[in-house]
Amino acid sequence: MTDQPTRAGFAAIIGAPNAGKSTLTNRMVGTKVSIVTKKVQTTRFPVRGVAIEGRAQIVLVDTPGIFKPRRRLDRAMVRSAWGGAEDADAVVHLVDAAAELAARGKDGTGADRRSHEDTESIIAGLKAAGSRAILALNKVDLVKREELLALTQALFDTGVYSEVFMVSAEKGSGVKDLLARLGAMMPEGPWLYPEDQSADVPVRVLAAEITREKIYLRVHEELPYAAAVETTAFDEKPDGSARIEQTIYVERDSQRPIVLGKGGQTLKWIGQKAREELTELLDRKVHLFLHVKVNEKWTEDRALYAQFGLDFDAQ
Ligand SMILES: Nc1nc2c(ncn2[C@@H]2O[C@H](COP(=O)(O)OP(=O)(O)OP(=O)(O)O)[C@@H](O)[C@H]2O)c(=O)[nH]1
Ligand SMILES: [Mg+2]
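Residues numbered from 1 in each chain as written. Chains lettered and ligands numbered in written order. Predicted model: local features only at pLDDT ≥ 70, side-chain atom pairs only at ≥ 80, totals over all residues.

## Quick notes on helix α7 (residues 203-219)
Taking 1.5 Å of rise per residue, the 17 residues of α7 would be expected to cover 24 Å, and the 24 Å separating its terminal C-alpha atoms lies within 8% of that figure. Within the span of α7, buried status applies to A207, A208, E209, I210, T211, R212, E213, K214, I215 and Y216. The elements touched by buried residues of α7 are β8 (228-236), β9 (242-250), α8 (256-260), α9 (265-282) and β10 (286-294). (Helix = DSSP H or I, 4+ residues; strand = E, 2+ residues; numbered from the N terminus. Expected span 1.5 Å × (residues − 1). Buried ≥ 20, exposed ≤ 12 C-beta atoms within 10 Å, placed from the backbone. Contact = placed C-beta atoms within 7 Å.)

## Some words on the environment of Q272
Examined against the element boundaries, Q272 turns out to sit in helix α9. Judged by the 12 C-beta atoms lying within 10 Å of it, Q272 falls in the exposed class. Taking C-alpha positions, Q272 is 23 Å from E251, a pair spaced 21 residues apart along the chain.

## A look at the site of ligand 1
Close to ligand 1 lie 24 residues; G20, S22, T23, T43 and G65 are nearest. Its residues placed into classes, the shell around ligand 1 shows seven nonpolar, twelve polar and five charged. (Near = placed C-beta within 6 Å. Nonpolar A, V, L, I, M, F, W, Y, C, P; charged D, E, K, R; others polar.)

## Focus: the environment of P69
Counting through the fold element by element, P69 comes out in the loop between β3 (56-62) and α2 (72-86). Once the C-alpha coordinates of P69 and R79 are considered, the two residues, ten residues apart in sequence, prove to be 9.5 Å apart. Look past the residues within four positions of P69 in its chain and what remains in contact with it is D74, R75 and V78.

## Here's the deal with the pairing of β8
Across a regular strand the side chains alternate sides, sitting on one face of the sheet and then on the other. Note: β8 against β9, eight bridges, orientation antiparallel. Within β9, the residue paired with E236 across the bridge is A242. Connecting β8 to the antiparallel partner β9 that follows it, the hairpin turn spans five residues, and G240 within it adopts a positive phi of roughly 90°. (Pairing = 2+ DSSP bridges.)

Okay, structure coming up:
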């Protein structure tokens, strides 16, 4: 064992929105590094999580979903996802097998068809790049084994995949095998991060993401895709606790009362849930202060893009 060389590299996870990329990343890292919701387009910028597999360190790059972009933020997100794939030693194309099967059958919903179209466009992108990816069929806990065979064959026939894995990111099945394969694909070399580091996301950004997840969980029906969270202050107090201030940006006046809720109850819930998770993450007492601001132009704010490492001018 000890005479085996160490390995380290990057594995990008790309796929349509909602395929389960963040769930898979968290599962492989063994702790939560990226937020997960039922909503599409949850992840907005590449998030690095660090997984260890024997002597290999695999830096997983969880990327935003790839879809047909319309707005500036969409374009920046999709660009960053492809950027993550270009720089990687291995690319995993994660496909929601349940949505894909439904879209190919009779009972597919609009969401299934959109997922299918996005998957097709990713295949076209991989073809154009001339790269080979690992196909990972996700959510196999929701589908019948025998249905997977035909789907695997159809996808494999596109010629853009080197191999296929069947996984359930949520339940964990098949994930170990995929991780072992990724470990073997990493180039020989020293590890890129200290052994005990599991994420490479600035803590201010991670703190803002946690609050955004709680907003999505609570008001995802009423507030489609319109909120951003910025950590404006992060101070250590003499007693060892952390004092965090965050601003929640919404696009319209009418969205403010949605986030606040009756008598401020919704915002209180969001703050409480976020604080609980931050307390665990930071392993210390947390004082969290949330402000809600209307900023019609937050999706046109260059500085906010820079904070998340997104390209404001992506085409
Ligand atoms: N049943 C089942 N659900 C899953 C599985 N993996 C993920 N999900 C669910 O799928 C939804 C989307 O998961 P995410 O991990 O946020 O998906 P994503 O690909 O990161 O989505 P975006 O960031 O929006 O592109 C969540 O509700 C997950 O709980 C799985 O293996 N089985
Ligand atoms: Mg995600």
